[in-house]
Amino acid sequence: MGVEAGAQAARSRALAVLRIRSRALAVALLPAAVAVILLAGGSTGHLVGRGWDVSRWVMGVGAVVVLLAAGAIALVVARARPAVSPTVAIAEESAPDLYRMVRDLADRLDVPAPSAIALTPDCDSWLEDRTHPAHGPPPQEDRDEITGVRGITPGRSRRTAASPVLVIGSPFLWWMRVGELRAVLAPVVAGTGPSAHPDIAAARRFVRGLDAAVAVTSAPRGPVFRSVLAGVGWVARLLLRSCRGHAAEMERGVAAAAAERAQAVDYGLRIVAQEQVGLAYAGWDRLLTRVALPAWRMGRWPSRLDAGVVAALTELSRRDRLAEGFASRLGERPACDLLEEPGSIDEATSLLAARLFHGGPAEAGPDWAPVDWQEYPEEVVDRKWRTDAARLHRVLDTLGVRRAPDPATPHHDAPTLARVVEHLTDPTAETVRYGETDGEIDAAGPFGTVTTPPPSLDTPLPEPEPYKAMAADDEELGEGGSPHSAALAAGLTAELAREEAATPPPSSAPPGQGPDTALWDDGSLPLFPLQPPRTGRELLADHVTAMVCCAAMDTAGATPGLDWLDGPTLLVNGERAADLAPRVLCLVEDGDPAPLRAWLIDLGIRPEKPVRLV
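Bear in mind the structure is a predicted one, so any value in this text is a computation, not a measurement.

1. Details of the pairing of strand S9 (residues 559–563)
On a regular strand, each side chain points to the face opposite its neighbour's, so the side chains alternate between the two faces of the sheet. Two elements, S9 and strand S10 (residues 567–572), share 5 bridges in a ladder whose sense is antiparallel. Bridging from a neighbouring strand, Thr559 pairs with Leu571 of S10. Between S9 and S10, which pair antiparallel in sequence order, lie 3 residues.

Here it is, written out as structure tokens:
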């Protein structure tokens, strides 16, 4: 009963959408119908006279104009390419077990099987209609409308059925077990039943066509085309507003019918699997923002992101007592075993994720190379820290900050952490003087060697006015931080902007290679930015942290590491160094170096020693 009720509600709403389409067509034909009546009345001698002749001419011309306008609108709606989600196609020969499982699930649900399967770098699954002619391949290629990737060749024959494509979130395949994936996909696959109804399919095509027409008219064009398409866009938006409520209720009815039908398949397991959906989403988001994003900014893209989700969630289960039961699941068969070459597909989805979330190039190159997890600490973490430290010292040079207070100091021209700390130190906020521990000043310095004493409170500081001028655009540090911090943050922001401006734009993948980019417009990448642009304070804190880590690696034997939940991390004696971030913020925001200096003393890091930069 629930299935029939949901399907019937969806069909009634679909008919409402189609009635709006019919009314629009009737409005377009109405002037022509009136003109025909007037012409017929004149030819039969019933509507004669000068007034009727003028009416016939006016209505005839008006009918022609309206018909031409309606034809232009219909042409734009018909030829506009509906939006398609960026995915990686999975051909049946590359995942026969996965296709077999989906078909068996469709048979158990008594619905049509999806026409194809594709993966997306997201924690969601849905059905997507790709029957529009614009989504088809070029006639000479004779390939399936979903382009294969990296040697994964799709079927040669073009799809003729109207069944939608099943899009599966790639993290699900690696984290979920086979039974859990089947339970999660059951409501999605059940949606092919209502989707096959002619009225629902026609209503969806009409709404998607209007949406695509609005996108076409909103695209930047010349003044002539913009004025011509303005009317088309107005009509398409009007029809969309009229259809909005009915289309939303239609989709709700389809979802309700699919959910009701899916209760007959693995309902108990689906309740447990939904917990894994939320866990996979949390792990995927943490992996992208904390681990993948630093690599993308360095021109490297991790080639096994989906495998990294398993490592991240396994680490979470080790740390969190609430997740202790999830680790036992790893002994069961993972859903990625349904793929013939999971490594190749993981690489393709990882590259697509980098393109969507960061706007990287469509294919690997000298400045956009894949990186394995084993190489991540050296290829990404170490290079990131040293690159940031080099940029920090370049900005300090631009600001005219001396490398060392005394030219006679050894390595006075080399980059040191002490230079950064002394520049950011606010004498009015410093509570513990350099070299002072437990109320006693060590004449040999805090690190057991004779060092040049830092400037005392009587030493004149640089005039703050030029710093305030450079940081005028950075309200966050310009108001709450010291002038030195504000100027340094503004210089880092400008330096990063120059580097990004000098970077060439990413290129598109050649036809037939990479993800199915032929189905979506990549002109506005990244489509889904992970984080907003970093503020001046965040940039300065990141660069100071990088400088501290470089000093730790070069003077205390620390090593770069990878934390699956927190990203790049500093390892001292094989253990993760903790409590660094709040100490850096204390220096950056308050100008107080005491917490950071105490942390350096505890770990034996010597800030006066030079560090190696890239």
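2. Regarding helix H3 (residues 96–109)
Spacing of three or four residues puts side chains on the same side of an α-helix, whose turn is 3.6 residues. A rise of 1.5 Å per residue sets the reference length of H3, with its 14 residues, at 20 Å; its end C-alpha atoms lie 20 Å apart and thus fit the reference within 8%. Considered for burial, the residues of H3 that qualify are Leu98, Tyr99, Met101, Val102, Leu105, Ala106 and Leu109. The arc that holds every buried residue of H3, seen down its axis, measures 160°, which confines them to one face. Within H3, the exposed residues directed more than 90 degrees away from the buried face are Arg100 and Asp107. Of the residues one or two after H3, Asp110 is the one with positive phi, at around 60°.

3. Some details on the layout of surface pockets
Roughly 960 Å³ of volume is contained in the second largest pocket. Forming the walls of the second largest pocket are 29 residues, and the residues nearest its centre are Asp542, Thr545, Asp566, Pro568 and Ala581. Sorting the residues of the lining of the second largest pocket by element identifies helix H9 (267–297), helix H12 (376–398), helix H17 (536–555), S10 and helix H18 (581–590) as the ones contributing at least two each. Here the element with the most residues in the lining of the second largest pocket is H17; it accounts for 7 residues.

4. Regarding the pattern of salt bridges
For the coordinates displayed, the defined rule picks out 27 salt bridges. In this structure, Asp53 and Arg56 form a salt bridge, with 2.4 Å as the shortest nitrogen-oxygen distance. Placement of the pair is Asp53 and Arg56 together in helix H2 (residues 50–79), with a separation of 3 residues, close to one helical turn. Asp337 serves as the salt-bridge partner of Arg333, at 4.0 Å between the closest nitrogen and oxygen. The exposure class assigned to Asp337 is partly exposed, which follows from its relative accessible area of 39%. Among the charged side chains, a network of salt bridges with common partners joins Lys384, Asp388, Arg391, Arg394, Glu495, Arg498 and Glu499.

5. As for the sheet that holds strand S4 (residues 165–169)
Pairing within the open sheet is mixed, and its 4 strands lie in the order S1-S2-S4-S3. With one partner strand each, in any of the chains shown, strand S1 (88–90) and strand S3 (125–128) form the two edges of the open sheet. Averaged over all pairs of adjacent strands, the angle between strand axes in this sheet comes to 30°, irrespective of strand direction. Pairing of S1 with strand S2 (residues 116–120) involves 3 bridges; the strand directions are antiparallel. When the bridges of S2 are listed, Ala89 appears paired with Ala118. Set on the sheet, helix H5 (residues 178–190) makes contact with S3 and S4; between it and S4 the angle comes to about 140°. Against the sheet, helix H11 (residues 342–358) makes contact with S1 and S2, and its axis sits at roughly 155° relative to S1, the strand it touches most.

6. Concerning the packing of aromatic side chains
Here a ring pair, both rings aromatic, is described through the centre-centre distance and the interplanar angle of the planes. Per the stated rule, a full pass over the model turns up 2 aromatic pairs. Where Trp373 meets Tyr376, the ring centres are 5.9 Å apart and the plane angle is 45°; that geometry is what we call tilted. For the pair shown, Trp373 and Tyr376 are each scored as buried. Measuring from centroid to centroid gives 4.9 Å for Trp373 and Trp564, while their planes differ by 75°, and the two rings are edge-to-face. Of this pair, Trp373 sits in the loop between strand S6 (369–371) and H12 while Trp564 sits in the loop between S9 and S10; the two residues are 191 residues apart in sequence, bridging distant segments of the chain. Aromatic ring contacts, followed pair by pair, group Trp373, Tyr376 and Trp564 into a single cluster.

The rules we used
- Residues numbered from 1 in each chain as written.
- Predicted model: local features only at pLDDT ≥ 70, side-chain atom pairs only at ≥ 80, totals over all residues.
- Heavy atoms only, no water.
- Pairing = 2+ DSSP bridges.
- Helix = DSSP H or I, 4+ residues; strand = E, 2+ residues; numbered from the N terminus.
- Expected span 1.5 Å × (residues − 1).
- Buried < 20%, exposed > 50% of the residue type's maximum accessible area, 1.4 Å probe, protein only.
- Arc of directions from axis to C-beta.
- 1 Å grid on protein atoms, 1.4 Å probe; cavity = no way out; pocket = protein on both sides within 12 Å on 5 of 7 lines; lining within 4 Å.
- Points joined across faces, edges and corners; volume = space filled by probe spheres on them.
- Salt bridge = Lys/Arg side-chain N within 4 Å of Asp/Glu carboxyl O.
- Axes fitted to C-alpha atoms, helices over the stretch in contact; angles between N-to-C directions.
- Contact = heavy atoms within 4.5 Å.
- Phe/Tyr/Trp six-rings, centres within 6.5 Å; stacked < 30°, edge-to-face > 60°.

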